[in-house]
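So you can see what is in the structure, the chains are spelled out below.
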Amino acid sequence: MKGNGTKITALYCRLSQDDGNVGDSMSIQSQKAILEKYAMEIGKIAYSFYVEM
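Rules used throughout
- Residues numbered from 1 in each chain as written.
- Predicted model: local features only at pLDDT ≥ 70, side-chain atom pairs only at ≥ 80, totals over all residues.
- Heavy atoms only, no water.
- Helix = DSSP H or I, 4+ residues; strand = E, 2+ residues; numbered from the N terminus.
- Buried < 20%, exposed > 50% of the residue type's maximum accessible area, 1.4 Å probe, protein only.
- Contact = heavy atoms within 4.5 Å.
- Areas by Shrake-Rupley, 256 points an atom, 1.4 Å probe, with all protein chains shown as cover.
- Phe/Tyr/Trp six-rings, centres within 6.5 Å; stacked < 30°, edge-to-face > 60°.
- Lys NZ or Arg CZ within 6 Å of the ring centre and 35° of its normal.

Draft legend 1. Representation of the overall build of the protein chain. Summing up its helical and strand segments, the protein chain has 1 helix and 2 strands in all. Mapped from its N terminus to its C terminus, the protein chain presents α and β elements in the order β-α-β. Among the 53 residues that make up the protein chain, the fraction classed as buried is 11%. Pairs at least 24 apart in sequence give 60% of the contacts found in the protein chain among residues at least 6 apart. For the protein chain, the exposed surface amounts to about 4,600 Å²; the carbon and sulfur share of it is 54%.

Draft legend 2. The packing of aromatic side chains, seen in detail. Tallying each qualifying case throughout the model produces 1 aromatic pair. Ring plane angle 80 degrees and centroid distance 5.8 Å describe the contact between Y47 and F49, whose orientation is recorded as edge-to-face. On the basis of relative accessible area, F49 is assigned to the partly exposed category, the value being 27%. The side chain of K32 reaches across the aromatic face of F49, ending 5.3 Å from its centre.

Draft legend 3. Focus on the environment of M53. Its location among the elements puts M53 in the segment after β2 (47-52). Expressed as a C-alpha distance, the spacing of M53 and L15, which sit 38 residues apart in the sequence, is 5.0 Å. Discounting residues that sit within four places of it in the chain, M53 has contacts with L15 and I28.

Right, here's the structure in full:
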């Protein structure tokens, strides 16, 4: 199946259990907000989030 030519940018979020909650452990919501803001700043309007927990 051929696509319509629209490219989708993947925004990847990961919640690490390895850090033992030491330091700045960011929530998935915070990561999404930061990534979405960055995507908009660089002109990526078609994006999808991928989340690993």
